[in-house]
Amino acid sequence: MANKSRKQWTVPLLFIFLLSALTFGAVTIATSQNKLVSLLNPIKVVVNSSFLSPLVELFGDVSVGQKVFVAGNTILRADPDSRICIGNESNFQDNIVFVAVKNSPAPKAACGVSSSSAGERVSIAHQAIIKNSKIGNFTFVGFHARLNNVVLEDGAFVLHGATVSNVTIGKDRIVPIGAVITTQQQADALALKTEDNSKFQNEVLEVNEEFAEHYSELYNEQGFDAVTGASAAPKTSWNTNPVSPTLGDNVQLDEFVRLVGDVRLGSNSIVGQRTSIRADEGSPIIIGNNAEIEDRVTFHALKGTSIRIGNNLDTDDNIVFHGPLEVGNNLTIGDDAVLFKSKVGNRVTIGTGALVVGVTLRDGAQVPEKAIITTQKQADALKVAKS
């Protein structure tokens, strides 16, 4: 009986062994056919005395000069057979889109046939969108400006919310806030910038040259976590004792949010993806309780200024809040708006795409969609909601 029992098990055991061998072999073959190739080539955060935030979205042939600073969640994208070039001592702020697109018109440039390029000492402000353009030396592009197939000659100054396409902006010419420039005749009629504009440019460049140096030091000394997420600002000439952000109870930070320095965010607040609250230049940035902040919103302030916002802030996407700025309770603000150098009362509503710069908005003021409010007379004429 014992011999018969062993014979009965011989075939099943052999079958199981063969099946296991075949299965194992199949796995081995499949593994060999699916080898992984690392895209680490390597990570480039500090390169050529420049700092590119780890939160930058980078694709294609992108070249940078020395002492360049590129802030978080900016997109640098060059299509195949296209190129991006960024010259020495230039700075790109948060949530910029800077792209080179093949098979679309582009000006002649040393960077390449299909390219977007920035010369030396160029400043591009938060949320600007630039496509296939040649940006000259010592130029400035403001918040939410849009450039497509444009040449900015040296010294040109494009202000916030301007749309410029298929033209050349001459040397030292200024494009006003919210202007739409689509013909060369319009471009040639632009006024020259002022000495104050040039002074402002130099101040911005000085600040960002320190950022290129000191963010690089911070990364080299403390690593990835020190330049992503919620962290202290780097030491600079104006900030020798950096502090970390302070968050209230029940705060939710979504993916790729960047909080820097003396940020004080109230309880029960939500911050959406790729939003940046940077108190590395102006500080503090204070936002009250119950804030609902959506995606790709930027909070930043000029050196020596601050942002103070009350409770119940309610934003849409892609907004720029820039100090100096004081805001009361219950502000509601729409997509793509800009709020800069202003004082805002309680219960104010700012519509989609509106530009509010350098004014005081009284309690209950209602700013229409795409309005450009840059004088106190315009601000005082706004309708006021009943309390």
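Residues numbered from 1 in each chain as written. Predicted model: local features only at pLDDT ≥ 70, side-chain atom pairs only at ≥ 80, totals over all residues. Heavy atoms only, no water.

Engineer: Can you walk me through the sheet that holds strand E13 (residues 134-135) in this structure?
Structural biologist: One key point about sheets: their strands pair by backbone hydrogen bonds, in either a parallel or an antiparallel sense. In spatial order, the strands read E4-E7-E10-E13-E16-E19; together these six strands make up an open sheet with parallel pairing. Of all strands in the sheet, those with a lone pairing partner are strand E4 (62-64) and strand E19 (168-169), marking the two edges. (Pairing = 2+ DSSP bridges. Helix = DSSP H or I, 4+ residues; strand = E, 2+ residues; numbered from the N terminus.)

Engineer: What should I look at first to understand the pattern of salt bridges in this one?
Structural biologist: Side-chain pairing between opposite charges can occur once the charged atoms of the two side chains come close. Within this structure, the stated rule accounts for ten salt bridges. We note a salt bridge from Lys67 to Glu209, for which the minimum N-O separation is 3.5 Å. Placement of Lys67 in the loop between E4 and strand E5 (69-70) and of Glu209 in helix H3 (residues 195-222) is noted, with a sequence separation of 142 residues between them. Relative accessible area serves as the criterion here: at 31%, Glu209 is assigned to the partly exposed category. One salt bridge connects Asp280 with Arg278, and the closest N-O pair in it is separated by 2.8 Å. One exposure class covers both Asp280 and Arg278, and it is buried. Overlapping salt bridges bring together Glu57, Arg274 and Arg296 as one network. (Salt bridge = Lys/Arg side-chain N within 4 Å of Asp/Glu carboxyl O. Buried < 20%, exposed > 50% of the residue type's maximum accessible area, 1.4 Å probe, protein only.)

Engineer: Is there a simple way to think about H3 in this case?
Structural biologist: Because each turn of an α-helix spans 3.6 residues, side chains separated by three or four positions in sequence point in the same direction. For H3, which comprises 28 residues, the first-to-last C-alpha distance of 40 Å matches the rise-based estimate of 40 Å (1.5 Å per residue) to within 8%. The backbone nitrogen of Asp196 lies 3.3 Å from a side-chain oxygen of the residue at the head of H3, namely Thr194. Remark: Gly223 follows H3 within two positions and exhibits a positive phi of approximately 90°. (Expected span 1.5 Å × (residues − 1). Polar contact = N/O pair within 3.5 Å; in protein donor to acceptor, adjacent residues only side chain to side chain.)

Engineer: Looking at this model, I keep getting lost on the side chain of Asn91. Mind explaining?
Structural biologist: Structurally, Asn91 is set in strand E8 (residues 91-92). Taking the relative accessible area as the measure of exposure, Asn91 reaches 1% and is therefore buried. Here the side chain of Asn91 touches Ser123 through a polar contact of 2.9 Å, side chain to side chain. Setting aside chain neighbours within four positions, we find Asn91 in contact with Phe69, Val122, Ser123, Ile124, Val204, Leu205 and Asn208. (Contact = heavy atoms within 4.5 Å.)

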